[in-house]
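Below are the chains, spelled out letter by letter.
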Amino acid sequence: MLLPIDWVKDYVEIDLDSRELAERLTMTGSNAEEVIILRGDVSNVVVGKILSLEAHPNADKLLVSKVDVGEEIVQIVTGADNVAPGQLIPVALHGAKLPGGVTIKRGKLRGVESQGMMCSGEELELKDSDYPGAEVDGILILKEDYPLGMDIKEALELGGDVIDFEITSNRPDCLSVVGMAREIAVTTGKTWYMPEITVAPGTGSIEDELEVTVEDANLCPRYLARVVKDIKIEPSPRWLRRRLAAAGVRPINNIVDITNYVMLELGQPMHAFDLDKVEGRKIIVRPARPGETLITLDEKPRALTTDMLVIADENKPIALAGVMGGANSEITDETRQIVFESALFNGASVRSTSKALGLRSESSSRFEKGLDINMAYTAVERAVQLVQELGAGTVVEGRLDVLGASTQSRMLTIRWNQINQLLGLNLAAEQMAGILTDLGLEVSVEGEMMTAVIPTYRNDIEGMADLAEEVARIYGYDRIPLTLMEGSAAKGARTENQKLISRIKNELTGMGMYEAVTYSFTSPNVYQSIGITDASDYPAAVRIANPLGEDQSIMRTTILPQILEVLSHNYNRRIESCSVFEINPVFLPKALPLTELPDEVLTLAMGEYGSNADFYALKGKIEALASLLGLDNQLTFQAARHSALHPGRTAEVLLDGKAIGVLGQIHPKTAENYETDAKAVLAELNLQALLDQAETGRQYQPLPRYPAVTRDLAFIVEKKVLAAQILKVIQKGGGSILEDVSLFDIYEGSQIPEGCKSMAYALSYRASDRTLKDDEVNKAHQKIVALLESELGARLR
């Protein structure tokens, strides 16, 4: 926000230079980004009076003039043809600086000395809004009778300082001259004043001129309107144009300038409608209707939606509420009757409309931050006061005020010493109350309690911490003593599951895999990509209420599609091998539509392709994880089918007989869907189930003192019998003396019956307290053989 210092001085006394003031305000929370010196690039340019003009002796198109600049009379050679004796003009003397880094020096033109230069408005970078006639071709002719030798910046009121502030979004009350005057007063210990607003009685009655209806008070808590007749559209006076320009707003005409002036002065956006263009003389604040459009003041057509608030007449929208007016009701040179609008619109609604249309304005940037409901009244009265002062029209008596919310201030009661405890200070309650009172709050203290009446322009003050912030910034952050932090800090630590997950990641990366992280949002079409062709068979999934697009419209129920995308991405970029895993939740709804949050099941997905990638390699990695978690003997595999995996090369992973995942080679059709020829292998496990049963405790065992007895065992079983089943039976029969079992041979051939296979195991027996005898080993060995025969139908070879 640009704050002209000359303007704010109308409301508060300032005895600091602009740079010091900017530093002081920055320390109290109003961050000053830059101090701008207006026309700082113009110097030694004064008011001069042309005394005489004579023809140049050596040039037909040049004139030699005598110019009185106050303390002396100088000779200037000029080529201008719009000058005459007696005129007042800007004169750049020897050594003068002009915009663009131009320096004027005395010299000779065609043999005649010239001691300066007459200036045009263009050379001083002036516009007609700065001074009437500044844009004419030729020397700028001054119309007022200024003292000769007077600095041109002082004469034309071009100078002054402007401070550029970065106002935080919670302080819209500071987006105004009076708001910053209040901050300056509190910071410097001065008194500030609101502009004195007095409106002379008008003519007629506004009820005879206009009707206002607000359909939804939540979207428009207050709407005020005043009518002015006999409008005279003309340029604003120079003082008003100068203030607007210094604040960064382009002057347009007196009526539009008044609305902008009030917005800058009081922080309340306003708008003016041409009353003759308001059909039915009715203003209706309502949501836009389907199919409506509006050409805004920037001459761009806007397609409106039903969630946009508009100002309408009987038949059509005439403005976007809080954003921008419509071209169909704008002020023109032919305007003779106007309606001043001053309203409070819902900030979220304004923000939504502004964002949807890509249309930001000074008005919308204020409304979306939340404004003072009472300032709407003050602003419309200020506007009609300026109309009367400028003689711009005849004010109609009365105003229409549609009020749908309270205008009362809020009360906040706290224990005042909490502020000291929070800030580390020891201020008296009276000192705190004084600071808050200077900020416009009404404060009373009774014992330990402090009650503050919060003005309606301070919507940001909601609790004790906000009051403490106000006290701290005005008291001075630099005055708060440095202290060590008090209290106890809790030591952070990972949960057991987090530790296990970290160990699992380390184990997988140690086996050459890379961790991947993919989006939890996905498309319903991924189910078709992994072989589920019938949409009715798609798993139930949580649909996103406001998705970024159809490709991210549901919460994933499996991670396999994302792992396949990673593998495909690498394969199609000629990466020879790729091995990745991801540990993240999948989201399984308990019922649809949702009545409670879905189950978030922590899942491990793995995928790899390349020369070292095959079914058994990935199976080995899963078994290594089982060993890491102490589940060596509880994890088994059995043949299964899965839509994304190759039939006959797919296994179901079971934990204590319960399915917790799947493992297999990619189905050719799935590979085609993901544009890869690689024979990738995939796995997906319910990691939470593994973590829930993990046994990570380790017990120390000393080195064996007694020898082991080894025996080999070969037998024939049906092909459908799994190695894991055999292992369990052997361990069961071997008892406590069976130390180790390892499979060292599987054979299928002419000597083995059809449908069977031969399996050979090496068994190691050992006792920790003695040397085993043959009869002990034989007994255990025979028990194993008997169990294999009875439970699995095995026959010794």
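Reading the values: the criteria
- Residues take numbers from 1 onward in each chain, read along the sequence in its written order.
- Given that this is a predicted model, residues contribute local features only at a pLDDT of at least 70 and side-chain atom pairs are listed and counted only at 80 or more, while totals for whole chains, interfaces and linings are drawn from all residues.
- Water and hydrogen atoms were dropped before computing side-chain values, which therefore reflect all heavy atoms in the structure.
- Buried Ala, Val, Leu, Ile, Met, Phe, Trp, Tyr and Cys residues that are joined via side-chain atoms within 4.5 Å together make up what is termed a nonpolar core.
- Here's how the labels work: a residue is buried when its accessible area is under 20% of the maximum for its type, exposed when over 50%, partly exposed in between, all with a 1.4 Å probe on protein chains only.
- Any two residues whose heavy atoms approach within 4.5 Å are treated as being in contact.
- Every definition here rests on a 1 Å grid over the protein atoms only: cavities are sets of points where a 1.4 Å probe fits but cannot get out, pockets are open sets enclosed by protein on both sides within 12 Å along at least five of seven lines, and lining residues have some atom within 4 Å of a point.
- Grid points are joined across faces, edges and corners, and a volume is the space filled by probe spheres set on the points.
- Note on conventions: DSSP H or I runs of at least 4 residues are helices, E runs of at least 2 residues are strands, and numbering of each starts at the N terminus.
- In the scheme used here, Gly and all other residues not listed as nonpolar or charged are polar, with Ala, Val, Leu, Ile, Met, Phe, Trp, Tyr, Cys and Pro taken as nonpolar and Asp, Glu, Lys and Arg as charged.
- Pairing between two strands is assigned when DSSP locates at least 2 bridges connecting them.

### Some details on the nonpolar core
In this structure, V8, I255 and F340 are the most contacted members of the largest nonpolar core, which totals 55 residues. Each residue touching V8, except ones within four places of it in the same chain, is listed here: L3, I14, V177, A181 and I184. By size, the runner-up hydrophobic cluster in this structure holds 37 residues, among which are L210, A319, L344 and I373.

### Side note on empty space enclosed by the protein
In this structure the tally under the stated criterion is 2 cavities of 30 Å³ or more. Its boundaries defined by the atoms lining it, the largest cavity holds a volume of some 60 Å³. In terms of lining residues, the largest cavity is bounded by P4, I5, D6, W7, L38, G160, D161, R242, R243 and A246. At the level of elements, helix 1 (5-8) and helix 5 (238-246) are the ones that each hand at least two residues to the lining of the largest cavity. A per-class count over the lining of the largest cavity returns 5 nonpolar, 1 polar and 4 charged. For the second largest cavity, the calculated volume is near 30 Å³.

### Examining the pairing of strand 33 (residues 645-655)
Direction of pairing for strand 32 (residues 635-639) relative to strand 33: antiparallel, over a ladder of 5 bridges. Note that in strand 33 the partner of Q638 across the bridge is E652. Between the antiparallel neighbours strand 32 and strand 33 lie 5 residues. As paired strands, strand 33 and strand 34 (residues 658-666) are joined by 7 bridges and run antiparallel to one another. From the neighbouring strand, A651 faces strand 34, where its bridge partner is L663. As consecutive antiparallel partners, strand 33 and strand 34 are separated by 2 residues, and within that stretch D656 has a phi angle of approximately 55 degrees, a positive value.

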